[in-house]
Number of protein chains: 2
Amino acid sequence: MPPAVGNNSAICVVNAGGWGTALAVLLARSGKPVVLWARREAAATELSQTRENRAYLPGVTLPLSLDVTSDLAVALRGRRIVIVATVSSHLREIARLLAPFLDAEAIVVHGTKGFEAETLLRCSVVLEQELGPRFDNRVAVLSGPTHAEEVARGVPSAAVLACPMLEVAIELQQALGGPTFRLYVNQDRTGVEVCGSLKNVIGLAAGVGDGLGFGDNTRAALITRSLAEMRRLTAALGGEPATVSGLAGLGDVVATCTSQHSRNRWAGEQIGRGRQLDEILASTAKVVEGVPATRSAVALAERHGVDLPICEQVEAVLFRGRQPLQALEALMTREPTHEA
Amino acid sequence: MPPAVGNNSAICVVNAGGWGTALAVLLARSGKPVVLWARREAAATELSQTRENRAYLPGVTLPLSLDVTSDLAVALRGRRIVIVATVSSHLREIARLLAPFLDAEAIVVHGTKGFEAETLLRCSVVLEQELGPRFDNRVAVLSGPTHAEEVARGVPSAAVLACPMLEVAIELQQALGGPTFRLYVNQDRTGVEVCGSLKNVIGLAAGVGDGLGFGDNTRAALITRSLAEMRRLTAALGGEPATVSGLAGLGDVVATCTSQHSRNRWAGEQIGRGRQLDEILASTAKVVEGVPATRSAVALAERHGVDLPICEQVEAVLFRGRQPLQALEALMTREPTHEA
């Protein structure tokens, strides 16, 4: 275990999407040495020159102290902390790109929501596979109710840092936390990653309800019942059901299902209004992680013999032509029962 | 135990406020024989003639099958199910009015949120004290994310019926539930009542954050942390902490903290914007239950040695002049810690 370098650790944020840019801005503003890596050279140049990420985080000024580069060697050399903030479908490829440049003492933390579609693996497992045995049980995940637009504006937010090796999570907590960004540590990386993936599926479901004209009561009932699904899948994958009651589960579900910023809730709302999925996805440059996560969740549920009724209804709506109203009604009208 | 009469049971809803009227409308629409009791004769006459409760539920038409009366004998004679939907400050007085007229086989269920201010008793205990020993452990509570405006519109909603005597809860579930009003039974009346009371305090806190211009991330973190307070007070009063994860706890907190319909969230928002409490309360005919509930929660916390940091900050803002921003910051900037 290399020595902790605390708040003076040099940080690289990998990928200049909305979330990566917001994190880099937050950290740079609080005086931390941060570099943001953008994949395309043209994007890095534009961010450097305009001091704005117009595509993914418009209206937020990048502090002058924030360096942006597309050169991975420059981005990663000597960095103690590497934050990977990419979409799930690019994670393995990005991990392969990073591996040769990582500092010998680097700590890697990811903020990716979802499973790898082809393998159904959690993101930390994908990273460990690609980064090599030195990273076993040392890749952390950062997750929680942290809409990029709000984090970048300095709105008070709180999130979870989870890693099987507690000292890694604690070092990240000290290095990344601040007065408007409160971080809690947790060793249940599995639970945090399951929650982060399922919450986008629930966000889609809540959005469908919104699009159908349902109300706050419906959404609150859906959110409440969704936690039981998160607990079941978390337990089946070896995580701690209690994690679901924290910021990465409940907190992020609430934020996703009730926020105008959530693109998953938004996509669900469009579906509830009768638009087609292909058309919705084609209309935005941003990735709707809940769509692949729905397929993965249902596949994992089948593999592990777990009952995920909300995820199954979302899957039927997205991929098998079920009418949104019929799906929501199916969820609301199951036999009367005890609360469980 | 009198025989169950199921869906054909005759129902009286006591008090024609927003929630009582919404419940009566919902039940009458689904073909159940319901009478709504209004305290003032003039109000009963107006509701009967205009078929609308303009003061508390404007825009909703009362079905012709719904009788409205201010005569307690007419309202209660022969009714199997009596739903008491009054504010906490009137509950004991209303219970005293009801007692002489209740049918020998009546079942009483209440939908009141809060504690009795003077005694800190839960509402079911107040009712049992006033209705007599025949009702011991037989008073039920109906609670959950059920904004009256939405229930009256037939928006799909779900709630909890809790009673120590399970057969009472099950009979109520069968008599009151329907396709857009899904009811779950629970024997933990204490937990359900604690949740229903605290959720309005949390709603005030969330509103304060909204009024200060905080965001969805802040609110999601507040909601998540509020459940720990509900669990602690529930356990201290002899309830089941698991109840907090259900509709009466989490579900209702989410609905209250995120809805434009919630008067508690609204009142908190006004405070966050700098208005004075007296002025806010004077500006609405509706009762803001979170205000007395805050005082009761803090008093109960002291009595039982329970830590309720959110409730304590709300109490300081409401009654001891603490600045809202200072209170919210106090909650966000406690020492970094594990999630618990």
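First, a word on scope: everything that follows refers to the structure included in this document. (Residues numbered from 1 in each chain as written. Chains lettered and ligands numbered in written order. Predicted model: local features only at pLDDT ≥ 70, side-chain atom pairs only at ≥ 80, totals over all residues. Heavy atoms only, no water.)

1. As for the state of the cysteines
In a disulfide, the sulfur atoms of two cysteines are held together by a covalent bond.
Residues and elements named next belong to chain A.
(1) Moving on: In the structure shown here, the tally under the stated rule is zero disulfides over all chains.
(2) Moving on: Residue Cys-12 stays outside any disulfide, its sulfur separated by 18 Å from that of Cys-123, the closest cysteine.
(3) Moving on: With no disulfide of its own, Cys-257 lies 11 Å from the sulfur of Cys-311, the closest cysteine sulfur. (Disulfide = S-S within 2.5 Å.)

2. Observations concerning the relation of the copies chain A and chain B
(1) Moving on: Aligned on chain B, chain A shows an RMSD of 0.0 Å; the corresponding rotation is 180° and the shift along the axis is 0.0 Å. Expressed as a symmetry operation, the mapping of one chain copy onto the other fits a two-fold axis. (Least-squares fit on C-alpha atoms with pLDDT ≥ 70 in both.)

3. A few points about the sheet that holds strand β6 (residues 81-84) of chain B
Within a beta sheet, neighbouring strands are joined by backbone hydrogen bonds and run either parallel or antiparallel to one another.
Residues and elements named next belong to chain B.
(1) Moving on: Judged by pairing direction, the sheet is mixed, and its eight strands sit side by side in the order β5-β2-β1-β6-β7-β8-β9-β10 without closing on themselves. The sheet is open, and its two edges are formed by β5 (67-69) and β10 (181-186), each paired on a single side. Sheet twist, expressed as the mean angle between neighbouring strand axes with direction ignored, is 25°.
(2) Moving on: Where β6 and strand β7 (residues 107-110) come together, four bridges link them in parallel fashion. The residue of β7 that forms the bridge with Val-84 is His-110. (Pairing = 2+ DSSP bridges. Helix = DSSP H or I, 4+ residues; strand = E, 2+ residues; numbered from the N terminus. Axes fitted to C-alpha atoms, helices over the stretch in contact; angles between N-to-C directions.)

4. Quick look at unusual backbone geometry
All names here are of chain A.
(1) Moving on: Phi angles above zero are rare outside glycine, and Asn-137 is one such case at about 65°.
(2) Moving on: Relative to the elements of secondary structure, Asn-137 occurs in the loop between α5 (123-131) and β8 (140-143).
(3) Moving on: Asn-137 sits in the partly exposed class, given a relative accessible area of 40%. (Buried < 20%, exposed > 50% of the residue type's maximum accessible area, 1.4 Å probe, protein only.)

5. Things to note about the sheet that holds strand β5 (residues 67-69) of chain A
Residues and elements named next belong to chain A.
(1) Moving on: Spatially, eight strands are ordered β5-β2-β1-β6-β7-β8-β9-β10 in an open sheet, and the strand pairing comes out mixed. One side of each edge strand has no neighbouring strand; the edge strands of this open sheet are β5 and β10 (181-186). Adjacent strand axes in the sheet meet at a mean angle of 25° when their direction is disregarded.
(2) Moving on: Along the sheet, helix α10 (residues 247-258) makes contact with β8, β9 (157-162) and β10, crossing β9 at roughly 145°. (Contact = heavy atoms within 4.5 Å.)

6. A look at the interface of chain A and chain B
(1) Moving on: With 51 residues of chain A at the contact, the number on the chain B side is 50 residues.
(2) Moving on: Between chain A and chain B lies a buried interface of about 4,000 Å² when both sides are counted; carbon and sulfur atoms form 56% of it.
(3) Moving on: Summed over the shared surface of chain A and chain B, the result is 14 residue pairs in polar contact (both at pLDDT 80 or more).
(4) Moving on: Listed by contribution, the elements that provide at least two residues to the side of chain A that touches chain B are α6 (148-152), β9, α7 (166-176), β10, α9 (216-236) and α10 of chain A.
(5) Moving on: Classifying every residue of the side of chain A that touches chain B by side-chain character gives 23 nonpolar, 19 polar and nine charged. (Buried area = accessible area lost by both parts, 1.4 Å probe. Polar contact = N/O pair within 3.5 Å; in protein donor to acceptor, adjacent residues only side chain to side chain. Nonpolar A, V, L, I, M, F, W, Y, C, P; charged D, E, K, R; others polar.)

7. Describing the packing of aromatic side chains
(1) Moving on: Tallied over the entire structure, the rule returns zero aromatic pairs over all chains.
(2) Moving on: The residue whose ring lies beneath Arg-295 of chain B is Phe-319 of chain B, and the NZ or CZ to ring-centre distance is 3.8 Å. (Phe/Tyr/Trp six-rings, centres within 6.5 Å; stacked < 30°, edge-to-face > 60°. Lys NZ or Arg CZ within 6 Å of the ring centre and 35° of its normal.)

8. What to know about helix α13 (residues 290-304) of chain B
Residue and element names in this part refer to chain B.
(1) Moving on: When the terminal C-alpha atoms of α13 are compared, their 20 Å separation across 15 residues agrees well with the 21 Å that a helix rising 1.5 Å per residue should span.
(2) Moving on: Turning to α13, its buried residues are Gly-290, Val-291, Ala-293, Thr-294, Ser-296, Ala-297, Val-298, Leu-300 and Ala-301.
(3) Moving on: Packing partners of the buried residues in α13 comprise α8 (189-211), α9 (216-236), α11 (263-272), α12 (277-282) and α14 (309-319).
(4) Moving on: Gly-305 occupies a position one or two residues after α13 and carries a positive phi of about 65°. (Expected span 1.5 Å × (residues − 1).)

9. With respect to the pattern of salt bridges
Pairing between side chains becomes possible if they bear opposite charge and their charged atoms approach one another.
(1) Moving on: On inspection of all chains with the given rule, the structure shows 34 salt bridges over all chains.
(2) Moving on: With a closest N to O distance of 2.7 Å, Glu-130 of chain B and Arg-92 of chain B form a salt bridge. Pair noted here: Glu-130 of chain B is in helix α5 (residues 123-131) and Arg-92 of chain B is in helix α4 (residues 91-98), with a separation of 38 residues, a long-range link.
(3) Moving on: A relative accessible area of 15% means that Arg-92 of chain B is categorised as buried.
(4) Moving on: One network of salt bridges, in which partners are shared, links Asp-210, Asp-216, Arg-219, Arg-265, Glu-269 and Arg-273 of chain A. (Salt bridge = Lys/Arg side-chain N within 4 Å of Asp/Glu carboxyl O.)

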